[in-house]
Amino acid sequence: AKEEWGFSDHVLNKDAVAEVVPKIRLADWIMDEIYDREMPSIVLGDYADKKPKVVMKMDIESQEYAVLPDLMFSGVLCKTIDFVFGEFHHWNIHYPPDEVTGRGGLELGARESLKFKNELLRGFHSVKHCRTASISGLEDESYLHDGVALLSYDNGPTR
């Protein structure tokens, strides 16, 4: 069974193959592509609130420690996203400072990353007038072992 389905900036396996991918600033992309878009007037289905919602799933292999603060401090999170759910990774975190400006950078041990996450969420919950109703850590990949087959484009469900 395949357990690793994604990418990471951390080497998790000695047989991992390095792949260089371009990075973009998510806050800029959300402002350019999501913030001013035309929303449908209603949502189909039996929901109490018929207003469309913007939901962000976040499983970005420890990059949440850089992305979430940026979304919060830029104001993009509170003015654009209704719900965030995803996985927080409690690993050793090493983000070097920006090569050009020398700004930024973050060094956290596994325990420190958990504390950083808790403080980040505490700060989020103290913000007034924020569209974002919640940031949830519910996405934990437990679906990998729930007995329900994953879909495959080639030959139907797989396990």
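Every chain is numbered on its own, with residues counted from 1 as its sequence reads. With the structure being a predicted model, the display of local features is reserved for residues of pLDDT at least 70 and the display and counting of side-chain atom pairs for 80 or more, all residues being used for whole-chain, interface and lining totals. Each side-chain value is worked out from all heavy atoms of the structure, with water and hydrogens disregarded.

Trainee: Looking at this model, I keep getting lost on the pairing of strand S1 (residues 55–58). Mind explaining?
Mentor: Every regular strand shows the same layout, with side chains that alternate between the two sheet faces. For every residue, the accessible area (1.4 Å probe, protein chains only) is compared with the maximum for its type, and the residue is labelled buried under 20%, exposed over 50%, or partly exposed between those bounds. Helix and strand assignments come from DSSP, with helices taken as H or I runs of at least 4 residues and strands as E runs of at least 2, each series counted from the N terminus. On S1, burial follows the alternation: Met56 and Met58 on one face are buried, whereas Val55 and Lys57 on the facing-out side are not. Bridge count for S1 against strand S2 (residues 83–86) is four bridges, and the pairing is parallel. Considered in S2, the bridge of Met58 is made with Gly86. Strand pairing is assigned whenever DSSP detects at least two bridges linking the two strands.

Trainee: Sorry if this is basic, but what is going on with the pattern of salt bridges here?
Mentor: Two side chains bearing opposite charge may form a pair once their charged atoms approach each other closely. Basic side-chain nitrogens of Lys or Arg form a salt bridge, by our definition, when they fall within 4 Å of a carboxyl oxygen of Asp or Glu. Inspection of the entire model under this criterion finds four salt bridges. Of the charged contacts in the structure, one is a salt bridge between Asp70 and Arg25, with a shortest N-O distance of 2.8 Å. Separated by 45 residues along the polypeptide, Asp70 in helix H2 (residues 64–74) and Arg25 in the segment before helix H1 (26–35) bring together distant segments of the chain. Taking relative accessible area as the criterion, Asp70 reaches 26% and is therefore assigned partly exposed. Here the salt bridges share partners, and the residues they tie into one network are Arg25, Asp28 and Asp70.

Trainee: Honestly, unusual backbone geometry in this entry has me stumped. Any pointers?
Mentor: Of note in this structure, Glu61 is not a glycine but carries a positive phi near 50 degrees. By secondary structure assignment, the location of Glu61 is in the loop between S1 and H2. Residue class for Glu61 comes out buried when judged on its relative accessible area of 14%. In the Ramachandran plot, His129 falls in the positive-phi region, its phi being about 60 degrees despite a non-glycine side chain. Counting through the fold element by element, His129 comes out in the loop between helix H4 (110–125) and strand S5 (134–136).

Trainee: Explanation requested: the environment of Ala133 in the structure shown.
Mentor: Turning to its location among the elements, Ala133 is positioned in the loop between H4 and S5. Separated by 52 residues in the primary sequence, Ala133 and Ile81 have C-alpha atoms spaced 8.5 Å apart. Setting aside residues up to four positions removed in sequence, Ala133 forms contacts with Asp82 and Phe83. It only takes one pair of heavy atoms within 4.5 Å for two residues to be counted as in contact.

Trainee: In this structure, what is going on with the packing of aromatic side chains? I would like to understand it.
Mentor: Any two aromatic rings considered together are summarised by their centre-to-centre distance and by the angle between their planes. Under the pairing criterion, centres of Phe, Tyr and Trp rings, with the six-membered ring standing for Trp, must be within 6.5 Å; the plane angle then separates stacked pairs below 30 degrees from edge-to-face pairs above 60, leaving the rest tilted. Applying the stated criterion across every chain yields a total of two aromatic pairs. With 6.5 Å between their ring centres and 65 degrees between their planes, Tyr65 and Phe88 make a pair best called edge-to-face. Pair noted here: Tyr65 is in helix H2 and Phe88 is in the loop between S2 and strand S3 (93–95), with a separation of 23 residues, a long-range link. Residue class for Tyr65 comes out buried when judged on its relative accessible area of 2%. When its relative accessible area of 12% is taken as the criterion, Phe88 is described as buried. We note Lys79 situated over the ring of Tyr35; from NZ or CZ to the ring centre the distance is 5.7 Å. Lying across the ring of Phe88, Lys117 places its NZ or CZ 5.4 Å from the centre. Whether a charge sits over a ring comes down to the Lys NZ or Arg CZ being within 6 Å of the ring centre and within 35 degrees of the ring normal.

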